[in-house]
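Now for the letters of each chain:
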Amino acid sequence: MASLLQAQEPNLEKIKAIHTEVESASSAIKTNDKADEEFRTYDAEKTTERVVEHYRLMRSKQTVEFVERMEEKYTFEGGVGRTQMTIEEAFEELENYVDASDPDLDLPNKIHLLQTAEGIRKAGHPEWIQLTGLLHDMGKIMFLWGTGEDGQDGYDPNGHQWALGGDTFVVGCKIPDEAVVFPEFNTLNPDEHDTRYNTKCGIYEEHCGLDNLKMAWGHDEYMYRMLVANKALIPKEGLDMVRYHSCYPWHDKGAYKHLLKPEDEETLEWVKLFNQFDLYTKDQDNVVDEVELWPYYKGLLNKYGLGGKLWW
């Protein structure tokens, strides 16, 4: 599929045209024969027990207070984080981490990230989107400093990971029953019983804008902050793909329109474009050669200011 995207300058009509092309050509992106409705199947009776439990805990514990505590714990104040590693070293740390929230398959994160990046590359999209594909899930590196109590246990195969992965949602306002998976768990969230947070707008003003909303804490927000702190040269459109790709209630179900600014529609199109590759290239049989591919992506890391030691 030839890309319609040739420049970094955002153009809403062009982005919509690309998204339309991607949707109509999903079969060209897919690396298996699964039908669209077979992806992201969440059903309390059919979904694996570990995934159901993941979302029960996530919905129960992701509150405003928790998110603010994680923002403080994972601060990059002064451009400094917890440790310094290269991207290659971070990949080594992630080697044995498997996402407990994914209903589609168990796959090492590095393989999924290379699959996503290669799908974007083969479609002819620009280098910065390819690099975004490579990096978008690397925020799960938080498990190095996390605990099971905080939903960041990546060492135990059965550990709690509800603050590392999974569909995010906006905290500080009512959780939209019609837009989240397992809505029956919404009432378990303490904020749903707090009058400060359980109304349609909650702590937000109408049309305050996407960037002013607090999302349930996870790898998206952490990795966005990490890239900003390390002065990555990825354009804002790519940073937004990293920051919001897990907020399925927003980009897939159309929730939170009353909180968005008009310009957020453009961000929505970028994220929808990206998520086609994030979802449809994830396949146990989609073989990627790490050794052969790495020199190419190492060059992209250097080009976009992410070569060498970085703060995490």
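Rules of the game
Residues numbered from 1 in each chain as written. Predicted model: local features only at pLDDT ≥ 70, side-chain atom pairs only at ≥ 80, totals over all residues. Heavy atoms only, no water. Salt bridge = Lys/Arg side-chain N within 4 Å of Asp/Glu carboxyl O. Phe/Tyr/Trp six-rings, centres within 6.5 Å; stacked < 30°, edge-to-face > 60°. Helix = DSSP H or I, 4+ residues; strand = E, 2+ residues; numbered from the N terminus. Lys NZ or Arg CZ within 6 Å of the ring centre and 35° of its normal. Axes fitted to C-alpha atoms, helices over the stretch in contact; angles between N-to-C directions. Parallel < 35°, antiparallel > 145°, perpendicular 65-115°, else oblique. Left-handed = near helix turned anticlockwise from the far one by under 90°. Contact = heavy atoms within 4.5 Å. Nonpolar A, V, L, I, M, F, W, Y, C, P; charged D, E, K, R; others polar. Core = buried A, V, L, I, M, F, W, Y, C linked by side-chain atoms within 4.5 Å. Buried < 20%, exposed > 50% of the residue type's maximum accessible area, 1.4 Å probe, protein only. Expected span 1.5 Å × (residues − 1). Bend = angle between axes of the 7 residues up to and from the residue. Polar contact = N/O pair within 3.5 Å; in protein donor to acceptor, adjacent residues only side chain to side chain. Disulfide = S-S within 2.5 Å.

1. Some words on the pattern of salt bridges
- Inspection of the entire model under this criterion finds 19 salt bridges.
- Here the residues in one salt-bridge network are Glu71, Asp211, Lys214, Glu221, Arg225, Lys236, Asp240 and Arg243, joined through shared partners.

2. Thoughts on the packing of aromatic side chains
- Tallied over the entire structure, the rule returns 11 aromatic pairs.
- Between the aromatic rings of Phe91 and Trp294, the centroid separation amounts to 5.6 Å while the plane-to-plane angle is 85°, which identifies the pairing as edge-to-face. Remark: Trp294 occurs in helix H12 (residues 290-303) and Phe91 occurs in helix H5 (residues 87-93); sequence separation between them is 203 residues.
- Three or more aromatic residues joined by ring pairs make a cluster, and in this case those are Tyr74, Phe76, Trp217 and Tyr222.
- Here the basic side chain of Arg82 rests over the ring of Phe76, its NZ or CZ set 4.8 Å away from the ring centre.
- Between the NZ or CZ atom of Lys110 and the centre of the ring of Trp294, over which it lies, the distance is 5.5 Å.

3. Regarding the packing of helix H9 (residues 236-244) against helix H11 (residues 264-280)
- Axis separation between H9 and H11 bottoms out at 9 Å; the angle between their running directions is 70°. Viewed along their axes, H9 and H11 adopt a mutual orientation that is roughly perpendicular. Crossing of H9 over H11 shows right-handed handedness. Every residue of H11 that contacts H9 at Glu237, Asp240, Met241 and Tyr244 is listed here: Thr267, Trp270, Val271 and Phe274.
- Its residues assigned to classes, the contact of H9 with H11 shows five nonpolar, one polar and two charged.

4. A closer look at the environment of Pro183
- Tracing the chain through its elements places Pro183 in the loop between strand E2 (170-171) and strand E3 (214-215).
- Sequence spacing of Pro183 and Arg59 is 124 residues, and the spatial spacing of their C-alpha atoms is 8.8 Å.

5. Quick look at the nonpolar core
- Core analysis: the biggest nonpolar cluster contains 90 residues, and Leu135, Met138 and Trp312 have the highest contact counts within it.
- Excluding residues that lie within four positions of it along the chain, Leu135 makes contacts with Ile87, Met223, Leu227, Ile234, Leu301 and Leu306.

6. Some words on the environment of Glu178
- Relative to the elements of secondary structure, Glu178 occurs in the loop between E2 and E3.
- Glu178 gets classed as exposed once you look at its relative accessible area, which sits at 66%.
- Here the alpha-carbon distance between Glu178 and Ala255, two residues 77 residues apart in the chain, equals 8.5 Å.

7. A few points about the packing of helix H6 (residues 109-122) against helix H7 (residues 127-135)
- Axis separation between H6 and H7 bottoms out at 7 Å; the angle between their running directions is 165°. With respect to their mutual orientation, H6 and H7 come out roughly antiparallel. Handedness of the H6/H7 crossing: right-handed. Here H6 contributes Leu113, Leu114, Thr116, Ala117, Ile120 and Arg121 to the contact with H7, which in turn contributes Ile129, Gln130, Gly133 and Leu134.
- The class makeup of the residues in the contact of H6 with H7 is six nonpolar, three polar and one charged.

8. Notes on H12
- A rise of 1.5 Å per residue sets the reference length of H12, with its 14 residues, at 20 Å; its end C-alpha atoms lie 20 Å apart and thus fit the reference within 8%.
- At Tyr296, H12 is bent by approximately 25°, the largest bend along its length.
- Buried residues along H12 sit against H5, H6 and H7.
- For H12, the N-terminal cap is Asp289; the gap from its side-chain oxygen to the backbone nitrogen of Val291 is 3.2 Å.
- Backbone geometry just after H12 places Gly305 at a positive phi near 75°.

9. Let's talk about the side chain of Asp240
- Structurally, Asp240 can be placed in helix H9.
- Relative accessible area serves as the criterion here: at 5%, Asp240 is assigned to the buried category.
- Separated by 2.8 Å, the side chains of Asp240 and Lys236 make a polar contact.
- Beyond its immediate stretch of four places on either side in the chain, Asp240 contacts Asp211, His245, Thr267 and Val271.

10. Description of the state of the cysteines
- Overall, the coordinates contain zero disulfides when judged by the stated rule.
- Among the cysteines around Cys247, which has no disulfide bond, Cys173 carries the closest sulfur, lying 9.9 Å off.
- Residue classification places Cys247 among the buried residues on the basis of a relative accessible area of 1%.

11. Remarks on unusual backbone geometry
- The phi angle at Phe182 is positive, at roughly 50°, despite the residue not being glycine.
- On the secondary structure map, Phe182 appears in the loop between E2 and E3.
- For Tyr256, which is not glycine, the phi dihedral falls at a positive 70°.
- Here Tyr256 lies in the loop between helix H10 (248-251) and H11.

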